[in-house]
Amino acid sequence: MILNIARKELKSLFASPMGWIILALLMMAFGSYYLTGVNNYFEVMSGAIRPAERVGVTIFVGQTVYGVASFIMLFAVPLLTMRLISEERRSQTLPFLFSAPISLTEIVLGKFLGLIVFLSILVLYIFLMLLTLNIWADIDFGYLIANSLGLWLLVASFSALGIYFSSLTQQPIIAAILSFISLFALTILERFFASDPNHWFAYLSLMKHFQSFSRGLIDSSDLMYFFLFISTFLILTIRRLDADRLRG
Amino acid sequence: MSNLTLEAIELTRLFGGREAVKNVSFHLEKGEVLGFLGPNGAGKSTTMRMLTGNLAPSIGTVKICGIDMIENPKEAKALIGYLPEMRPIYKEFTVDEFLTIAARLHNVPSKQIKKAVDIAKQKCGLSHMSKRLIENLSNGYQQRVAIAQAIIHNPLVVILDEPTVGLDPIQIREIRSLIREIGKIHSVILSTHILPEVEMVCDRVQIIDKGNLVFHGSIDELKQHRQGNKLLVGFSKAPALSTLEELKGVVKVEKAESGFYRIHFQNKQPPSEEIVELSVKNHWGLYQISPDQTSLEDIFVQLTENKQIK
């Protein structure tokens, strides 16, 4: 049942040119950063004579691409999540799902999964793009895998929060703005605590946890953080939809 | 196993302290079409939303074939087909795509989906629209898609909230015969404003007003209200009212619109012959005499207004 909902969501993403255009534009953006990353590598590294200044090509290019990807996703994900529930609310199609033999949990998880599959295409694409470096260099696969996993968890968290805000309103645009603002606040949170990086408030920041992945480190506490973040917002969404049934 | 397909037991729904539906109980048997009537805002849609599990009742229970809607929503919902007031269709899909999704979500086995879609399309007259985007269909065809969506999994109970809205007369007739056809095997609940529709399609009628059930009975009972004891008479040179009132069996005479008189009589013995004879004798110029049937509208108004006075 979750899969059926996910299929429906994917189908509606690709039913219009919208899905394809978003994929194409995002891939173009990542591709161009990859290209400048590779170009810069030759320029910078040819100037770096001392061994201490030298950085591997994987880290150099990977940092550029994944850094940019996490930033672009901050804008892209709210635009994708905004219509998931609010659009259904506005065009009154929620009763279609509510009166089918599916639980609310399945509806929310299905919608979430549908979006994740769509975003995974992008994460996979970035991974494959960076793999092409392996044709002429010896690259660090562990670094790429950690980064991909980090990016994947990051966009999944963005999506979970976006779905929640989408369930709050009837207007997709309001959902997009709300989720963008809160995601932006959550990502830059840790910069306010630059003097005290171990402050508990900084620990809430999404970027802080993404950073260890971008150093190539898979830390179970970061995995836990993302897992809790995603499940919190999905549960909130389910409760919000349940309130519809109870309060009317 | 009993034949009860749907039971609503003492349903009450509060919206912020205001009772939208008050203590409504009824049941539905297999092979029955129940008409649900009521003025705007009477609580028809609210009741239907509760029956389909879209809205939790404040008090009371809904049972579909004995399965409690609140305790086992999945099993109960699998037996229902629901067409809400606002048609729930995804306009970015084609008719086929949308119906396939609907079939899938309603647990139709994957091998039978294609067949189920075909049957639903055929029943609703959509076969030649398969590849069209729902967005580009006319209002009436969109309504048909919404109806097809509700019956695609062959549900035991079909709940239709104003199904004939936006259809042209021919389509309305087709949909009505479709409803009767479904009603032969399964149960149908149908809400509507159109009173003749109820008479044509439904076996039982239920009238709700301000959240209360004011009438509940078979269509024949409702029709009995219609068999009036009144005559509508037109004279070109009308006599005095008192002359008519003195006739045998006449209870009351009142002036109706455009020179007609409404004559109330007793004992189901219309004094028509007498009136005709007298008219000829006294040159009243009788040009019309006919039994005055109370329209369904009048009964409806009566029933809903009586309640208000109480």
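Residues numbered from 1 in each chain as written. Chains lettered and ligands numbered in written order. Predicted model: local features only at pLDDT ≥ 70, side-chain atom pairs only at ≥ 80, totals over all residues.

Participant: I'd like to hear about the sheet that holds strand S5 (residues 67-68) of chain B, residue by residue, with values.
Facilitator: Residue and element names in this part refer to chain B. As summarised here, the arrangement of the 4 strands in space is S2-S1-S4-S5, forming an open sheet in which the pairing is antiparallel. Edge positions in the open sheet fall to strand S2 (18-29) and S5, since each of these has one partner strand only. As paired strands, strand S1 (residues 4-15) and strand S4 (residues 59-64) are joined by 5 bridges and run antiparallel to one another. Residue pairing across strands places isoleucine 9 opposite threonine 61, the latter belonging to S4. Contacts from helix H1 (residues 44-51) reach S1, S2 and S4 within the one sheet, and its direction differs from that of S1 by about 120°. (Pairing = 2+ DSSP bridges. Helix = DSSP H or I, 4+ residues; strand = E, 2+ residues; numbered from the N terminus. Contact = placed C-beta atoms within 7 Å. Axes fitted to C-alpha atoms, helices over the stretch in contact; angles between N-to-C directions.)

Participant: Please give an account of the sheet that holds strand S14 (residues 286-291) of chain B that cites residues and values.
Facilitator: Residue and element names in this part refer to chain B. Sheet architecture is open: 4 strands sit in the order S12-S13-S11-S14, paired in antiparallel fashion. Edge positions in the sheet fall to strand S12 (250-255) and S14, since each has one partner strand and no second. The mean inter-strand angle of the sheet, taken between neighbouring strand axes irrespective of direction, is 20°. By the bridge criterion, 5 bridges tie strand S11 (residues 230-235) to S14 in an arrangement that is antiparallel. Of the residues in S14, the one forming a bridge with valine 233 is isoleucine 289. Sitting on the sheet, helix H10 (residues 272-282) is in contact with S11 and S14, with an inclination near 175° to S14.

Participant: So what's going on with the pairing of S4 of chain B? Which residues, and what values?
Facilitator: Residues and elements named next belong to chain B. Both S4 and S5 contribute to a ladder of 2 bridges, which runs antiparallel. Looking at S5, one finds that lysine 63 is bridged to aspartate 68. In this structure, the hairpin formed by S4 and S5 is closed by a connection of 2 residues, where cysteine 65 is found at a positive phi of approximately 50°.

Participant: I'd love a proper account of the domain arrangement of chain B, names of residues and values included.
Facilitator: Here chain B is described as being made up of domain 1 (4-224) and domain 2 (228-292). For domain 1 of chain B versus domain 2 of chain B, the distance between C-alpha centres works out to 46 Å. (Domains from an automatic or database assignment.)

Participant: I'd like a description of the environment of glutamate 174 of chain B, backed by residues and values.
Facilitator: All names here are of chain B. Its place among the elements puts glutamate 174 in helix H6 (residues 169-185). What makes glutamate 174 partly exposed here is the crowd of 17 C-beta atoms within 10 Å. C-alpha of glutamate 174 to C-alpha of lysine 123: the two residues are 51 residues apart in sequence and 9.1 Å apart in space. (Buried ≥ 20, exposed ≤ 12 C-beta atoms within 10 Å, placed from the backbone.)

Participant: For unusual backbone geometry, give the residues involved together with the corresponding values.
Facilitator: Residues and elements named next belong to chain B. At asparagine 23, a residue that is not glycine, the phi angle is positive and equals roughly 50°. Mapping asparagine 23 onto the fold places it in strand S2. The backbone of asparagine 154 shows a phi angle near 55°, a positive value even though the residue is not glycine.

Participant: Provide a residue-level description of the nonpolar core, including the pertinent values.
Facilitator: In this structure, Val155 and Ala160 of chain A together with Phe98 and Leu190 of chain B are the most contacted members of the largest nonpolar core, which totals 134 residues. Ranked by residue count, the leading element in this core is helix H7 (residues 141-168) of chain A, at 15 residues. The contacts of leucine 190 of chain B, once residues within four sequence positions are left out, are Val33, Leu34, Gly35, Phe36, Leu160, Pro163, Ile179, Val201 and Cys202 of chain B. (Core = buried A, V, L, I, M, F, W, Y, C linked by C-beta atoms within 7 Å.)

Participant: Residue-level account of the interface of chain A and chain B, with values.
Facilitator: Contacts between the two partners involve 19 residues from chain A, matched on the other side by 24 residues from chain B. The element that contributes the greatest number of residues to the side of chain A that touches chain B is helix H1 (residues 2-15) of chain A, accounting for 5 residues. Looking at the side of chain A that touches chain B, its residues break down into 8 nonpolar, 8 polar and 3 charged. (Nonpolar A, V, L, I, M, F, W, Y, C, P; charged D, E, K, R; others polar.)

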